[in-house]
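Working through the structure, step by step
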Amino acid sequence: ILMVTDSQEAPLEKVIQRRIIKEVLPQRKISQAPIQRKGKFKIGVNTAGAEEWMKIRGIGRVLSKRIIKFREALGGFCTIEQVGQTYGLADSVFQGFKGYLFLDQPCNRININQMDWQQLVRHPYIDSRQANAILRWIENRGPIEDLEMLKRMEIFDSASRQQLLPCLKIKD
């Protein structure tokens, strides 16, 4: 039994609260897996509107708009995994609902040989430095004819190149 005076009570209470926060709360397992809100459903990632995205627990108005905006910037999702790259979408949330997603329409792959600088930099996976390098390459050496040429340009690291490849069309 611990005897505490009135003057010691407040500081001791803060110590106990800190200990609970540090030691007890992290041990609690809180399920973060999103669960569908109503019935069984599938979401076509390239045609779903905000209302459809909001059927998923963890996706509200703001996040549904971000998903749609990201989809539009990409020219459509080429893979389901691209949905998970939406800004602000926690991976734990995405992993919980990706089984409800399907590719309902093909994405609009970009032909980098036919794009100007503004079109290139609008793409989420291409920055201004990379756009400049692509345009210089095309101007000096001609069109990019295959994905190996893109690799030789050395402007994309391996992970960035893998991210970009599903979005590209080299020839018409």
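Figured I'd write up the structure that's included with this text. What you see is a predicted model; the values in this text were computed from it and never measured.

Regarding its fold elements, the protein presents eight helices and two strands. A burial count over the protein gives 34% of its 172 residues as buried. By sequence separation, contacts in the protein at least 24 residues apart represent 52% of the contacts at least 6 residues apart. Summed over its atoms, the accessible surface of the protein is roughly 11,600 Å², and 51% of this surface lies on carbon and sulfur atoms.

Glancing now at the environment of Gly88. One can find Gly88 in the loop between α3 (61-74) and α4 (91-97). The exposure class of Gly88 is exposed, given its relative accessible area of 53%. Ignoring anything within four residues of it in the chain, the contact list for Gly88 reads Leu63 and Arg66.

Once that is clear, we can look at the state of the cysteines. Here a disulfide denotes a covalent bond joining the sulfur atom of one cysteine to the sulfur atom of another. With the rule as written, the count across this model stands at one disulfide. The side chain of Cys78 participates in a disulfide bridge whose partner is Cys107; the two sulfur atoms lie 1.9 Å from each other. Across the S-S bond of Cys78 and Cys107 the torsion is about 100°, and the bridge reads as right-handed. Placement of Cys78 in the loop between α3 and α4 and of Cys107 in the loop between β2 (101-102) and α5 (117-122) is noted, with a sequence separation of 29 residues between them. In terms of burial, Cys78 and Cys107 fall into one category: buried.

With that out of the way, let us pick up α3. Under the 1.5 Å per step criterion, the end-to-end length of α3 is 20 Å for 14 residues, consistent within 8% with the ideal 20 Å. Considered for burial, the residues of α3 that qualify are Leu63, Ser64, Ile67, Ile68, Phe70, Arg71 and Leu74. Along α3, the residues classed as buried sweep out an arc of 160° about the axis, all on the same side. Exposed residues lying more than 90 degrees from the buried face of α3 are Arg61, Val62, Lys65, Lys69 and Glu72. Taken together, the buried residues of α3 touch α2 (50-53). Within two residues after α3, Gly75 carries a phi angle of roughly 85°, on the positive side.

This brings us to the pattern of salt bridges. Counted under the stated rule, the structure contains one salt bridge. For Lys98, the salt bridge goes to Glu81, with nearest N and O atoms at 3.0 Å. Of this pair, Lys98 sits in the loop between α4 and β2 while Glu81 sits in the loop between α3 and α4; the two residues are 17 residues apart in sequence, bridging distant segments of the chain. Take Lys98: its relative accessible area is 28%, and that puts it in the partly exposed class. By relative accessible area, which is 41% here, Glu81 ends up partly exposed.

Before going further, it helps to examine the side chain of Asn111. Examined against the element boundaries, Asn111 turns out to sit in the loop between β2 and α5. Judged by relative accessible area, which is 8%, Asn111 ranks as buried. Looking at Asn111, its side chain comes within polar contact range of the main-chain nitrogen of Asn113, at 3.0 Å.

Thresholds applied
- Residues numbered from 1 in each chain as written.
- Predicted model: local features only at pLDDT ≥ 70, side-chain atom pairs only at ≥ 80, totals over all residues.
- Heavy atoms only, no water.
- Helix = DSSP H or I, 4+ residues; strand = E, 2+ residues; numbered from the N terminus.
- Buried < 20%, exposed > 50% of the residue type's maximum accessible area, 1.4 Å probe, protein only.
- Contact = heavy atoms within 4.5 Å.
- Areas by Shrake-Rupley, 256 points an atom, 1.4 Å probe, with all protein chains shown as cover.
- Disulfide = S-S within 2.5 Å.
- Expected span 1.5 Å × (residues − 1).
- Arc of directions from axis to C-beta.
- Salt bridge = Lys/Arg side-chain N within 4 Å of Asp/Glu carboxyl O.
- Polar contact = N/O pair within 3.5 Å; in protein donor to acceptor, adjacent residues only side chain to side chain.

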